[in-house]
Amino acid sequence: MHELKDKDEQYNQILSYKPQGKNNLWQNILKFICVSIIGCICALVFYNTILNHPRVNTSGISSTPFWEKFTKKEKKGFNIPFFNKRQNILILGVDANGNDTDKFIGTRSDTILLMNIDPASHSINAISIPRDSKVYLADDKGVQKINHAHALGGVELTKKTIEETLGVKIDRYIVVNTDGVRKLVDTIGGIPVFVEKPLNYDDYAGRLHIHLSKGLHVLNGEQAEGFLRFRHDGLGDIGRTSRQQWFLKSLLDTLQSPTIIPKIPEALKIAMSYVKTDMTLYELSHFAALTRDINADSVEVATLPGRPSSKGYISYWILDPEKTQEVIDRLIYRIKPETADKITAGIMYSTNKEDDAMEVKDRLEEFGYEVNCVGRGKTPHSQIIAHKQSVSMDIISKLKRKIPEIRRMQFVYDPNKQYCTQSDFTIILSE
């Protein structure tokens with residue numbers, strides 16, 4: 001067994017750069033704006049549910065709330081006209097551009113999330129695109145960071161660039177301004193998050209001040225922004241990605257609590273002021289019903305592999321095309337992996353989780369998995385990370401049903417080898 005004894009390992013983000021292929025793809029940073037938009041949309045559907053308002057589509061045809069038509073045996077959210085086929089939804093978070101200006105003109109998209117919704121499997125996958133990804137912008141705009149596309153040509157240029165680069169079709173888009181993030185978190189009463197280590201950083205020019213101690217916090221709007229933007233440690237954007245993924249899960253759990261209901265009217269105002277979309281109210285309400293019924297434990301997210309690179313004073317994220325294509329094939333095209341004869345597992349755990357780790361190890365071996373790595377270190381958050389295509393959501397779902405200790409864990413697909421480098425998937429048990 002590959003044993004890791006008391007070694008505080010870090011993510012390995014430096015990968016070999018491959019020559020440019022047909023598709024330049026992106027590394028993934030799951031950032032907080034994308035989850036704020038989900039919150040805003042959920043606010044819309046809850047608000048209409050409470051008041052029992054009728055839906056009106058663009059043709060002026062009124063209908064009663066559609067979720068009342070479903071029986072208990074039906075899967076809510078997916079049996080609706082707008083989502084009768086697989087959809088790719090682009091979600092952008094754009095930065096502030098000063099007071100008394102249009103919130104969506106001349107702004108950069110510091111968050112880019114591509115959500116794939118599959119009604120056949122009742123599942124949602126999410127790939128986020130790092131703002132520093134080096135790409136060729138559409139319409140002969142040259143080589144730039146991807147987040148410059150919105151500043152140069154708005155959502156249409158961003159959408160076209162992503163379609164040409166990834167070889168995917170984007171069905172709808174949603175854009176949210178970052179000023180609405182803090183307002184949303186404050187409105188819903190904060191988000192409970194475990195901060196894995198002290199976070200301290202001051203940017204007086206950018207008016208960003210981050211001071212969070214280790215431990216469980218209910219983050220207010222300002223603290224949430226700091227938690228999600230912090231990148232000033234040895235892990236950089238890789239560590240920030242992990243924190244953003246964990247925040248997404250916590251936000252989805254919070255939005256499904258009954259305590260949110262009285263806060264809906266104010267959240268709705270934020271959504272209407274800070275959101276731009278090409279969806280009609282009819283389509284948006286369908287999307288809202290779907291997100292309301294998301295099981296946060298079944299959402300598959302990904303980090304696309306790459307490496308940092310600087311040219312002069314400009315820093316880029318250079319992508320590994322081969323491994324990145326694996327993630328696109330899995331999460332967007334839903335290509336089924338080949339079944340492996342043997343799947344190996346690794347376990348990393350915090351000091352106070354040793355007993356749970358040994359229990360998980362015994363259960364995995366009982367079910368026929370080879371556990372070839374067990375190690376103790378400073379693990380950020382509890383997660384299940386698949387490193388090979390053969391480790392599918394179906395396999396992990398079966399394990400979750402059989403092993404209580406991992407039932408609520410977030411599932412991440414990452415072809416990079418983190419922590420247990422000889423394992424096909426790694427279970428992280430954190431405090």
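It should be emphasised that the depicted structure is a prediction, and the values quoted were computed from it without experimental measurement.

Trainee: Can you walk me through the nonpolar core in this structure?
Mentor: In globular proteins that are soluble, nonpolar side chains generally tend to be buried together. Membership of the largest hydrophobic core comes to 51 residues, with the highest contact counts inside it found for Leu364, Phe425 and Ile427. The element best represented in this core is helix H2 (residues 148–166), accounting for five residues. Membership of the second largest hydrophobic core comes to 22 residues, among which are Ile210, Leu219, Trp246 and Ile260.

Trainee: Would you explain the pairing of strand S19 (residues 370–376) in this entry?
Mentor: The side chains of a regular strand alternate between the sheet's two faces. Counted residue by residue, S19 has five buried out of seven residues, so it is predominantly covered. In the sheet, strand S18 (residues 344–349) pairs with S19 via six bridges, with the strands oriented parallel. What sits directly across from Gly346, in S19, is Cys373. With helix H9 (residues 354–366) bridging S18 and its parallel neighbour S19, the resulting β-α-β unit is right-handed.

Trainee: Got a minute to help me understand the packing of aromatic side chains in this structure?
Mentor: Describing an aromatic ring pair means giving the distance of the ring centres and the angle of the ring planes. Tallied over the full model, the rule gives one aromatic pair. Taking the centre distance of 6.1 Å and the plane angle of 90° together, the rings of Tyr369 and Phe425 count as edge-to-face. Pair noted here: Tyr369 is in the loop between H9 and S19 and Phe425 is in strand S22 (residues 425–429), with a separation of 56 residues, a long-range link. Phe425 matches Tyr369 in its accessibility class, with the two residues each being buried. Sitting above the plane of the Tyr316 ring, Lys134 keeps its charged end 4.9 Å from the centroid.

Conventions and cut-offs
Residues numbered from 1 in each chain as written. Predicted model: local features only at pLDDT ≥ 70, side-chain atom pairs only at ≥ 80, totals over all residues. Heavy atoms only, no water. Core = buried A, V, L, I, M, F, W, Y, C linked by side-chain atoms within 4.5 Å. Buried < 20%, exposed > 50% of the residue type's maximum accessible area, 1.4 Å probe, protein only. Helix = DSSP H or I, 4+ residues; strand = E, 2+ residues; numbered from the N terminus. Pairing = 2+ DSSP bridges. Right-handed = clockwise from strand over helix to strand, strands pointing away. Phe/Tyr/Trp six-rings, centres within 6.5 Å; stacked < 30°, edge-to-face > 60°. Lys NZ or Arg CZ within 6 Å of the ring centre and 35° of its normal.

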